[in-house]
Amino acid sequence: MTPPPGDAPVHLYVGPTGHGLPAELLHQDGIQLQPPARRGHIDALVTSERPGHIALVDGRYDDVPAVGHRELLDALAAGWTVTGLGSIGALRAAELHPHGMTGYGQVFTHLLTTEAPDDEVALLHGPAPDYRPVTEALVDLRAFAEHLTQADVLDHGQAAETIRLLASRWFGDRSQPAFLDTVRTTAGDTAAAAARAHLPRLPGLRVKTQDLRDYLTERPWTQPPTPSRSCPPTSAAGPSSTTITPRSAS
């Protein structure tokens, strides 16, 4: 398969994972920002543009069909390079890497090696253009729990139990207050108060956003792509994020 030309743009499908990143990272030359992908977005791009680079980070689901495997495979077959990271992108890359989709970052590695469920990366967020996270992805709460063990707020057993309890809940219930309540259950009031004091650190510990920051800094799409493999048909779908309208603050 002939790789895309050197001046081909990167179509970056991003929403809440990009929240808080510097504008100069997201608005680099050669990057065309796209909203979180839904079913049909990739098909529409591939049929209207010459082959280039697709970087899938965030995607919608629940209220609309999620971005599908088949359209990603079709993009690969049409000569596009397709990279997944961060959220549903990392999930799709873990599922499709044997067929030529490239994965990037810690979340991709975690999903690939642990076969964690789809909702590991799911969250609720506000509308465009900010896509402010309203809840937290479990993969990011894992990183925060690990931070709390390093800060001697939780021991490893308490951190693991906290994440286990949160994993049993609907992803839309995995908020920062819910995390603190769960810490209170597993480790007591003192630990919960200490964890609350560390909450300002949480945005900087979001693994999904760290992966996107690294991707935009390293610019791996400028490197020669690996050859695509055969692309068998499939029609499965899964979650990444869903948009909600936050309540007005009083």
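Residues numbered from 1 in each chain as written. Predicted model: local features only at pLDDT ≥ 70, side-chain atom pairs only at ≥ 80, totals over all residues. Heavy atoms only, no water.

## Quick notes on the overall build of the protein chain
Next up, step 1: A tally of regular secondary structure across the protein chain gives eleven helices and seven strands.
Next up, step 2: The 250 residues of the protein chain split such that 48% are buried.
Next up, step 3: Nonlocal contacts in the protein chain, meaning residues at least 24 apart in sequence, comprise 69% of its contacts between residues at least 6 apart.
Next up, step 4: Only carbon and sulfur atoms are counted for the fraction: they give 51% of the accessible area of the protein chain, which is about 11500 Å². (Helix = DSSP H or I, 4+ residues; strand = E, 2+ residues; numbered from the N terminus. Buried < 20%, exposed > 50% of the residue type's maximum accessible area, 1.4 Å probe, protein only. Contact = heavy atoms within 4.5 Å. Areas by Shrake-Rupley, 256 points an atom, 1.4 Å probe, with all protein chains shown as cover.)

## Things to note about the nonpolar core
Next up, step 1: Counting residues in each nonpolar core, the largest one holds 35 residues, and the members touching the most others are I42, I54, L56, L72, V82, M101 and L111.
Next up, step 2: Of all the elements in the fold, those that place two or more residues in this core are α2 (41-48), β3 (53-56), α3 (69-77), α4 (88-96), α5 (105-114) and β6 (123-125).
Next up, step 3: At six residues, the largest contribution of residues to this core is made by α4.
Next up, step 4: Residues within four places of I54 in sequence aside, it is in contact with H11, Y13, I42, L45, V46, A75, W80, T81, V82 and T83.
Next up, step 5: Membership of the second largest hydrophobic core comes to 18 residues, among which are A145, V153, I163 and F179. (Core = buried A, V, L, I, M, F, W, Y, C linked by side-chain atoms within 4.5 Å.)

## Observations concerning the sheet that holds strand β5 (residues 102-103)
Sheet strands associate in pairs through backbone hydrogen bonding, adopting either a parallel or an antiparallel arrangement.
Next up, step 1: The parallel open sheet is built from five strands, whose spatial order is β2-β1-β3-β4-β5. Edge strands, defined here as strands with exactly one partner in the open sheet, are β2 (31-34) and β5.
Next up, step 2: Both strand β1 (residues 10-13) and β2 contribute to a ladder of four bridges, which runs parallel. Each residue of the ladder has a partner; that of H11, found in β2, is Q32. (Pairing = 2+ DSSP bridges.)

## Description of the pairing of strand β4 (residues 81-84)
Next up, step 1: Neither face of β4 is exposed, since T81 and T83 on one face and V82 and G84 on the opposite face are all buried.
Next up, step 2: As paired strands, β3 and β4 are joined by four bridges and run parallel to one another. Note that in β4 the partner of A55 across the bridge is T83.
Next up, step 3: For the handedness criterion, the β-α-β arrangement of β3, α3 and β4 is classed as right-handed.
Next up, step 4: With two bridges connecting them, β4 and β5 associate as parallel partners. Bridge pairing links G84 to G103 in β5.
Next up, step 5: Handedness of the β-α-β unit built from β4, α4 and β5 comes out right-handed. (Right-handed = clockwise from strand over helix to strand, strands pointing away.)

## A look at helix α6 (residues 138-150)
Next up, step 1: End to end, α6 covers 18 Å across 13 residues, agreeing with the expected 18 Å (1.5 Å per residue, within 8%).
Next up, step 2: Among the residues making up α6, those that are buried are L138, V139, D140, L141, F144, A145, H147, L148 and T149.
Next up, step 3: On the buried face of α6, the contacting elements are α5, α7 (156-167), α8 (176-187), α9 (189-198), α10 (202-205) and α11 (207-218).
Next up, step 4: Taken from the residues just after α6, D152 is the one with a positive phi, measuring 60 degrees. (Expected span 1.5 Å × (residues − 1).)

## Some words on the packing of aromatic side chains
Next up, step 1: One pass over the structure, following the stated rule, counts five aromatic pairs.
Next up, step 2: Ring centres of Y215 and W221 lie 5.2 Å apart, and the angle between their planes is 50 degrees; on these two criteria the pair is classed as tilted. Both residues of the pair, Y215 and W221, count as buried.
Next up, step 3: Chaining the aromatic ring pairs together yields one cluster made of Y61, W170 and F171. (Phe/Tyr/Trp six-rings, centres within 6.5 Å; stacked < 30°, edge-to-face > 60°.)

## Some points on the environment of Q32
Next up, step 1: In this structure, Q32 sits in strand β2.
Next up, step 2: You can call Q32 partly exposed: its relative accessible area is 36%.
Next up, step 3: For Q32 and V10, which are 22 residues apart along the polypeptide, the C-alpha to C-alpha distance reads 6.0 Å.
Next up, step 4: Apart from residues lying up to four places away in sequence, Q32 is in contact with P9, V10, H11 and L12.

## Re the side chain of T83
Next up, step 1: Along the chain, T83 falls in strand β4.
Next up, step 2: Given the relative accessible area of 13%, T83 is considered buried.
Next up, step 3: Aside from chain neighbours lying at most four places away, what touches T83 is I54, A55, L56, M101, T102, Y104 and Y215.

## Points about the confidence of the model for the protein chain
Next up, step 1: Averaged over every residue, the pLDDT of the protein chain is 88; the share at 70 or more is 87%.
Next up, step 2: Below pLDDT 50 for its whole length, residues 227-250 participates in 73 contacts with residues either more than four positions away or in separate chains. (pLDDT = per-residue confidence, 0-100.)

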